[in-house]
Structures are given as structure tokens and as C-alpha cells.
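Spelled out, the chains give:
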Amino acid sequence: MTKRRKKGLLLYIIVLITLGIITQLVPEVTGALTKTEILQYENMQITDEVTCYFVREETVHLASNSGSINYYIEDGVKVRKNTKILDIAPQASSSETSKYADIVTRLGSSDVTLTQMNSAQNGIVSYYVDGYEGYFTPEKMDTLKYKDIEGVKIQPVNLTRKNTLAGEPLFKICEGNYWYLLAWVDPGNISKYEVGNTVKVDLPMGQIKARVEKLVDQREHWLVILKTTMYYEDFAKIRSANANIITQDYSGIKVRNSSITTENGVVGVYIKSKNGDFVFKPVKIITSDGDYSLVYVSSFYDKDGKEVRTVEIYDEILKNPKQDFKKPGESKNTQGDNGGTNS
């Protein structure tokens, strides 16, 4: 291959690479330079990322004697009071040290029974115990402090096994009709919550709805207590989980805050009319996250109860009217100049 042909091939490759780069960059550059955008109908959620702690009415059943275990009910099954959960076939006592000693120590005597292998109440059977069943209770939950909970590693233990020693935990029964979630939030976020309001909680295995039951001021943090009647697959197993609490869920037209301005004291945006001019249209803000706002679509009512026509879906508005909108005669950049900009 001659030097001339090699140079020509190299130039051809360079041109192809350059064209590829330009193809990728031009849409982004064009979007950045665009002075208008098309309005869309969207949702906006006000959320809190927290660690939630599960609180239940629960009773832990301990073995009254040593022996081999015969199970009748699977984990997670809802049972009536006095349902037979398991039996223990007696065996000779053993000098073996229990591996559940720490759990038994934490449990103490609170919400524990040694006397029956039947369920002590209506509820959900769980073979997972952490020893904090007497600590995270509905009666004590509003007195729990963030400083005492922060950093505590709570690991549920699966109790299913072939044999048991006397006094060891076997299973627990959890109230299945309702339960609680606790979360500590910063004082700056507590305004998102109001007692009696319903929130949504995104948990690792799904979303539930809960009612804000109580708000407790603990100075550095606020304790938020939520109550729910919804079933959650792991609610009787785990003690805590990372969660996203959705305190408010709105729908409306999404507008960037830089697009919102005022005219004669009225809040609004500039939309592109059929003839290419930009005209002011009042808006009413539903909620804002600091960068974007949701506004009403088609119409809203002002403070005097008068209906006001507002923006529609697919309206084209100026992104930054303070910078890009000029009234006729103010400068060479007239409404017509702006109107020629494509979105």
C-alpha cells in the first residue's frame, strides 16, 4: 500500500471517529442551548430515607423441658389462640451449654411463657427471635431514645432445630392485626409529618401504608411512630430495615423553578402562543422540591374563589424568562426572536 493510500485511509478513519463524537455531543449541546421546554404531567413525592424499627405485640415461648422438637405449624402462618405449634418429646437432661443464653438474658421475664406449646394468643407464628421482644413494645416505644438505639446490631436468630434445652426460646406469636414502625428524623424534616395522616413506606420486600400515630420531640431528633394494619412478609421476623417514607404524593404539571416568575405580583410562566409570541400565564404551585414545582393543570381557584385559567399539558414555556424574555422595545431580543427557538 502506497504512503498516499495509507494517509487517505487514516484520514477517512479520523473523519468517521469525529462524526461519531459530534453525533453524540450535538443533542446534548442543543438541549443545553434550548430556551424552551414542553410541559408534562408528572408525580412528585416528598420522601424521607430512614431506618425503621418494627414494634409488635409478641409473646416468646420457652421450652419447659429438654427434648426433641416436632413442629406442626410453619413460620409466618396466622393461628388462633391455643393452636398447637409444636411438641417436645422428653429426653434426659443435658449439661450442654445453651447457645441462646444471650437471647434469654435480654428477654428477661417480659412477654415470655414457659407453660405451653400452644399459641398464647391469636397471631402470626415466628421462629425468629432477637431478644428485644420485651424492649420494642407498644407500651415502651414512645420512650425509646435514638442514642440508645443507634449503632445497636439486632440480628434475628432462626430457632428451628431438632432438639432443645429447658428454658430455650422455641417460637413467638405476634399480633397480626396491627403493628408499628418507629423512625427517628431530623428536626428539619418533621414538618413533613402530621398525626393522623397516611404515609407510604417502601421496605425491602414491598410497600405498605401506615398512619402517623404519634410525634415525640426528643430534641436532637423527633421520634415518628407509624401504625399499620397491612401485612408485610418479614414483619414478624426482622427488627429493623432501611426504608423510604413517602409523606406526600402529588400529581400535576412539572415546571422547573427557574421558569416561574411574577408579573404585576402574579406568579406564572411564559408560554409560547400560536403566533410565536410568549404570553404570561398564571400558575398555582401545589408543592416544590427546591428545583422543580408541581402546578395545577387547566385551571385553579385564587384566594377570592375565582377560577383562573392556567397552563396545559404540552404547552411550550421559557426555561428562564428573567434572562430570555424581553418585552418589545426593550432590546433587540424581542419575543419574536425567542419564539424562533425550538425546544
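Quick caveat, the model's predicted, so the values are computed rather than measured. All residue numbers here refer to positions counted from 1 along the written sequence of the relevant chain. The predicted nature of this model means local features are confined to residues of pLDDT at least 70 and side-chain atom pairs, given and counted, to a pLDDT of 80 or more, with totals for whole chains, interfaces and linings taken over all residues. Computation of side-chain values covers all heavy atoms of the structure but excludes hydrogens and water.

As for the overall build of the protein chain
Logical step 1: The helix and strand labels rest on DSSP assignments: H or I over at least four residues marks a helix, E over at least two residues marks a strand, and numbering proceeds from the N terminus. From N to C terminus, the protein chain includes 5 helices and 25 strands.
Logical step 2: Here the protein chain, with 343 residues, has 40% of them falling under the buried criterion.
Logical step 3: Residue pairs in contact within the protein chain that sit at least 24 positions apart in sequence constitute 76% of those at least 6 positions apart.
Logical step 4: Total accessible area computed for the protein chain in this model is approximately 19500 Å², and 49% of it derives from carbon and sulfur atoms. Relative accessibility thresholds used throughout: buried, under 20% of the residue-type maximum; exposed, over 50%; partly exposed, between the two (1.4 Å probe, protein chains only). Throughout, a residue-residue contact means that at least one pair of heavy atoms, one from each residue, lies within 4.5 Å. All accessible-area figures derive from a Shrake-Rupley calculation using a 1.4 Å probe, and residue coverage is judged against the displayed protein chains alone.

Topic: the pairing of strand 15 (residues 206-218)
Logical step 1: In terms of strand pairing, strand 14 (residues 198-203) meets strand 15 through 6 bridges, oriented antiparallel. Counted as the bridge partner of Thr198 is Arg211 from strand 15.
Logical step 2: Strands qualify as paired when DSSP identifies two bridges or more between them. Adjacent in sequence and paired antiparallel, strand 14 and strand 15 are bridged by 2 residues.
Logical step 3: Bridge analysis of strand 15 against strand 16 (residues 221-228) gives 7 bridges, and the strand direction is antiparallel. For Lys214, the partnering residue across the bridge sits in strand 16 and is Ile225.
Logical step 4: Taking the residues that link successive antiparallel strands as the turn, the strand 15-strand 16 hairpin has 2 residues, and the phi of Arg219 there is positive, at about 70°.

Some remarks on the side chain of Ser299
Logical step 1: Of note, Ser299 is situated in strand 23 (residues 299-301).
Logical step 2: Looking at Ser299, its side chain comes within polar contact range of the side chain of Glu307, at 3.1 Å.
Logical step 3: If sequence neighbours within four positions are ignored, Ser299 has contacts with Glu307, Val308, Arg309 and Thr310. Polar contact is defined as a pair of N or O atoms within 3.5 Å, subject to the rule that within protein one atom must be able to donate a hydrogen and the other to accept it, and that residues adjacent in sequence are counted only when both atoms are side-chain atoms.

Brief notes about the environment of Arg80
Logical step 1: Its location among the elements puts Arg80 in the loop between strand 5 (78-79) and strand 6 (86-90).
Logical step 2: Look past the residues within four positions of Arg80 in its chain and what remains in contact with it is Ser119, Gln121 and Asn122.

Concerning the sheet that holds strand 4 (residues 67-71)
Logical step 1: The 3 strands are arranged 6-4-11 in an open sheet whose pairing can be described as antiparallel. If you trace the sheet from one side to the other, it starts and ends with strand 6 and strand 11 (163-164), each paired once.
Logical step 2: For strand 4 and strand 11, the ladder comprises 2 bridges, and the chain directions are antiparallel. In the sheet register, Gly67 faces strand 11, and the bridge partner there is Thr164.

Focus: the pattern of salt bridges
Logical step 1: By convention in these notes, a salt bridge is any Lys or Arg side-chain nitrogen within 4 Å of a carboxyl oxygen on Asp or Glu. Considering all chains together, one arrives at 17 salt bridges under this definition.
Logical step 2: Linking Glu133 and Arg239 is a salt bridge whose minimum nitrogen-to-oxygen distance equals 3.6 Å. Residue Glu133 is found in the loop between strand 9 (128-129) and helix 3 (146-149), and its partner Arg239 is found in the loop between strand 16 and strand 17 (240-256); the two are separated by 106 residues along the sequence. For the pair formed by Glu133 and Arg239, the shared burial category is buried.
Logical step 3: One salt bridge in this structure joins Glu213 and Arg211, with 2.9 Å as the shortest N-O distance.
Logical step 4: Shared partners join several salt bridges into a network, and the residues in it are Arg56, Glu58, Asp130, Glu133, Lys172 and Arg239.

Thoughts on the confidence of the model for the protein chain
Logical step 1: Per-residue pLDDT for the protein chain has a mean of 86; in total, 83% of the residues score no lower than 70.
Logical step 2: Segment residues 26-32 is flagged for pLDDT under 50; beyond a separation of four residues in sequence, or across chains, it makes 2 contacts in the model.
Logical step 3: When the criterion is pLDDT under 50, residues 332-343 qualifies, and its contacts beyond four places in sequence or with other chains add up to 29 contacts. Values of pLDDT, the confidence the predictor places in each residue, fall between 0 and 100.

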